[in-house]
Amino acid sequence: MKIPSVPRCLGPNVYPQVPEGGWGWAVAVAFFMVEVNTYGILKTLGVFLQDLMEEFKESNSRVSWVISISVFIFAFTAPLASLLSNRFGYRPVVMMGGCLMSLGMISSAFITSINEMYITIGIISGLGFSLSFLPTVTLLAQYFSRRRALVTSIASSGESFAIFAFAPAFTRLKEDIGWRYCLVVLGVMQASVVVFAVLLRPISIESEPVKEDDSSKSDSLSLKQMQSVFELENEKTRTSLSSAMSQGSGDSGVTSLSASDEDLRNAPAEGQALMEWGTQDKEMLEKSAPSPAQQQPDAERSEGEAGPLHRSAPKLLDFSMLRDGAFICYSLFGLFATLGFFAPQLYIIELSKSRGVEPAMASYMLSVMAVAEIFGRFFIGVVLNRVRCKKTHVLLGCVVLLSLVLVAFTVVWEFWGLVVCCALYGFFMGTVGSTHIPLLAEEEVVGIQKMPSCVGVYVFIQSFAGLAGPPLGGVLVDVTQNYGAAFYSCAAGMVLSAVCLALVGVAKSGACQRVSRKQERSQNAEEEEMMSQDSTPLDFLEIDLSENGSVKQAVDNSSGI
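Residues numbered from 1 in each chain as written. Predicted model: local features only at pLDDT ≥ 70, side-chain atom pairs only at ≥ 80, totals over all residues. Heavy atoms only, no water.

Peer 1: Please explain empty space enclosed by the protein as it appears in this structure.
Peer 2: Gaps between atoms show up when a probe of the same size as a water molecule is rolled over them. Counting across every chain of the model gives 7 cavities of 30 Å³ or more. Considering only enclosed or pocket space, the largest cavity measures out at about 230 Å³ in volume. Taken together, 22 residues form the lining of the largest cavity, with Tyr39, Phe341, Phe342, His436 and Gln462 sitting closest to its centre. For the lining of the largest cavity, the elements supplying multiple residues, two or more each, are α1 (24-44), α3 (60-76), α6 (114-143), α19 (415-433) and α20 (451-480). (1 Å grid on protein atoms, 1.4 Å probe; cavity = no way out; pocket = protein on both sides within 12 Å on 5 of 7 lines; lining within 4 Å. Points joined across faces, edges and corners; volume = space filled by probe spheres on them. Helix = DSSP H or I, 4+ residues; strand = E, 2+ residues; numbered from the N terminus.)

Next up, the structure:
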C-alpha cells in the first residue's frame, strides 16, 4: 500500500541547525494570537466579576471559582497537551483547543447558574486553553536558541495588548449589550485560533551527512597490515626459537632473534600479499554489509537519542525529571508563583472602587497593568539576550521585586498610589510571566532536548496553585471585607517562589558534580582497561616462549658448553 506524501506546506521544516528565525517568525505571530485568546481573555474576565455576583446572587469566593477552575484545568491537562502534540502534531491539537475555547465561552452566555459556568468556562474552555497554549510555546522555543528569550517575550506580549484593549472596551460594551453577549463576542474571537494554527509547522534539525575520507580507509587498511606483520613477527620468532632448541644449538636465542629480523626485512613482499588479502576481506565485508533500508531503524534510534528536534518521535512524557533536584525546585517556584499570577487582575478593579476610585476610572487600572507589562516583556527579552550571568538569577531579582509590589497594594489608598503599584506590578509581572516557561530550555534548568517532554509536567504542577489562588483571595475578602487582603496570599506565594528559585542553582551544581564524578570514574576504568590491553602482546610472547621450551634452560646449556 502506497502511503500518500505530505505536502511541503504541511510537512516539517528541515534545517541543519536551529534557524534563529525563518518560519519561526510565523510561529511567533501564531503564539501572539494564542496569548491574546488564552491569558488575555482569561485575565479580562475580572471585568464581569460584579455582574456575575449580582446576576446569580453569589459571593466573591464562589464567582472566583470560575477563573480558578479554568486555570486549574489549563495547567492540570498540560501533560495531556504534551502527549497529544507529540503523538499527533502541534497543528491539529491547537486547532482542537481553539474549538473548545470558543465552544465554552459562547455556551457561557446561556447559563442559568454559576455552577454551569464552572463547566463551560472552567472545564471546556480551560481544556482549550491548555491544548492551544502549550504546543505553541514549545514549538516557538525550538525555532530559536540565542534569541529565544527576546522572541518569546515579544510574542507573549499579546496577553498584555489584549488586557489593555479589552478591559475598557468590554466595560463600555457590557453597558450597551450586556455581559452575556460580550461572552459571545469573546467566543467568536477565540475561534480565530483555529486559523492561526495552520502556521504551526514542526521543525526537524538534521545534520548534513559527513563523507568518509579516503585517508580513513587507508589508515584502517594500514592498521590491518601492521597487525598482520606483527603476527608474522611472532610466528617467525616462535619458529626460530623452536628450531634452535631442537637442534641443541649453543645459541642462547639471540642469533635466532636476529635471524627472524632478517626474515622480517624480506617481509614487504609478504606484506603486499597481506594487503591484497585485506582488500579482498574489505570487499567481502562491504558485500555482506546491511543495506541502507536495514540500517534505517538504527539511524532513527540514534536520532531519537539526539533530542526532540529530530524527525524521530520524542518521549511523550518525561516523568523521570521528577528525580532531578533542579527541576523539582524550579517546579516548586512555578507552583508558588502562580498564586500571584491571576488574583491581582481579578480583584484590582473592585479594590480601586473600595478605595474611592470612580468605577469608570477603575477599569483603566487593568490597562495600566497591561501597558507596563508590555514594557516588562520587552525589557526582560533584551536583558536575557545580553547578560552573561545565569538567567535564573535575573528572574530571581524580578520575583523578589514583584513580591514587594504585591505587599505595597495592601497599604496604598489614593488613586495615584494605586496607579504606580499597577504599573510596577505589570512591569515585573511581564518579566516573570514571559520567561518562566521558556527558561526550561536553558541548560541551567533542563535544556532544550528535554523541554518538550518536561513542559507538560511543569505546568501540571502549577495547576494546584492555580486552583487555590483566586478562591483563597476570595475567602480572605469575604472574611475581612477588604479587597486588599487578597494580595496578602499573592505576596506570600511569591516570596516562597523566590526561595525555591534560589535553590535551583544549588541543586543543579550538586547534580553536575555527581555526574562529573561518575564520568571521572568511568574514564579511569577505561584507562585501566586500555593499559591492560597494551600489555597483552608481551604476555602473548611469554606464553609462546614457554610453550616451545624454556629459554632459561637454553641459556644454561650455552654457558655450560
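Peer 1: For this particular structure, what's the right way to read the side chain of serine 70?
Peer 2: With respect to the secondary-structure elements, serine 70 resides in helix α3. In this structure serine 70 comes out as buried when scored by relative accessible area, which is 0%. In terms of polar contacts, serine 70 uses its side chain to reach the backbone carbonyl oxygen of isoleucine 121, at 3.4 Å. Discounting residues that sit within four places of it in the chain, serine 70 has contacts with Leu42, Ile121, Gly122, Gly126 and Phe129. (Buried < 20%, exposed > 50% of the residue type's maximum accessible area, 1.4 Å probe, protein only. Polar contact = N/O pair within 3.5 Å; in protein donor to acceptor, adjacent residues only side chain to side chain. Contact = heavy atoms within 4.5 Å.)

Peer 1: What should I look at first to understand the packing of α1 against α6 in this one?
Peer 2: Relative placement of two packed helices is described by the angle separating their axes and the distance separating the axes. Contact geometry for α1 and α6: axes closest at 9 Å, N-to-C directions at 150°. Put simply, α1 runs roughly antiparallel to α6. Considering only the axes of α1 and α6, their crossing is left-handed. Residues Gly24, Val27, Ala28, Ala30, Phe31, Val34, Glu35, Asn37, Thr38, Tyr39 and Leu42 of α1 lie in contact with α6, whose contacting residues are Phe129, Ser132, Phe133, Thr136, Val137, Leu139, Leu140 and Tyr143. In terms of residue class, the contact of α1 with α6 is made up of 13 nonpolar, 5 polar and 1 charged. (Axes fitted to C-alpha atoms, helices over the stretch in contact; angles between N-to-C directions. Parallel < 35°, antiparallel > 145°, perpendicular 65-115°, else oblique. Left-handed = near helix turned anticlockwise from the far one by under 90°. Nonpolar A, V, L, I, M, F, W, Y, C, P; charged D, E, K, R; others polar.)

Peer 1: I tried to follow the confidence of the model for the protein on my own but got confused; where do I start?
Peer 2: Parts of the prediction with low pLDDT should not have their coordinates interpreted in detail. Averaged over the protein, the pLDDT score is 75; the fraction of residues at 70 or greater is 68%. Low pLDDT, under 50, characterises residues 1-6; the predicted model gives this stretch 1 contact beyond four residues in sequence or across chains. The model gives residues 236-271 a pLDDT under 50, and that stretch makes 30 contacts with residues more than four places away or in other chains. (pLDDT = per-residue confidence, 0-100.)

Peer 1: Got a minute to help me understand the environment of lysine 508 in this structure?
Peer 2: By the element assignment, lysine 508 lies in helix α21 (residues 486-534). For lysine 508, a relative accessible area of 18% gives the class buried. Sequence separation between lysine 508 and phenylalanine 327 is 181 residues; the distance between their C-alpha atoms is 8.6 Å. Setting aside its immediate chain neighbours within four residues, lysine 508 contacts Asp324, Ala326, Glu443, Glu444 and Val445.

Peer 1: What's the story with a nonpolar patch on the surface in this structure? I'm lost.
Peer 2: On the surface, Val495, Val499, Leu503 and Val506 cluster together into a nonpolar patch covering about 340 Å² of accessible area. With respect to the helices and strands, valine 495 occurs in helix α21. Exposure remark for valine 495: the relative accessible area of 46% places this residue in the partly exposed category. (Patch = residues over 30% accessible without salt bridge, like charges linked within 9 Å, V, L, I, M, F, W, Y side chains within 5 Å. Areas by Shrake-Rupley, 256 points an atom, 1.4 Å probe, with all protein chains shown as cover. Salt bridge = Lys/Arg side-chain N within 4 Å of Asp/Glu carboxyl O.)

Peer 1: Explanation requested: the packing of aromatic side chains in the structure shown.
Peer 2: Aromatic rings in a pair are described by how distant their centres are and how their planes are angled relative to each other. All chains considered together, the criterion is met by 21 aromatic pairs. Residues phenylalanine 409 and tyrosine 425 carry aromatic rings whose centres are separated by 6.2 Å and whose planes lie at 75° to one another, so their mutual orientation is edge-to-face. Taken together, the residues span a long stretch of sequence, with phenylalanine 409 in the loop between α18 (391-408) and α19 and tyrosine 425 in helix α19 at a distance of 16 residues. Side by side, phenylalanine 409 and tyrosine 425 carry an identical accessibility label, which is buried. Aromatic ring contacts, followed pair by pair, group Phe31, Tyr39, Phe74, Phe129 and Phe133 into a single cluster. For the cation-ring pair, arginine 201 lies above tryptophan 23, with the distance from its terminal atom to the ring centre recorded as 5.4 Å. Cation over ring: arginine 355 sits above tryptophan 413, and NZ or CZ is 4.3 Å from the ring centre. (Phe/Tyr/Trp six-rings, centres within 6.5 Å; stacked < 30°, edge-to-face > 60°. Lys NZ or Arg CZ within 6 Å of the ring centre and 35° of its normal.)

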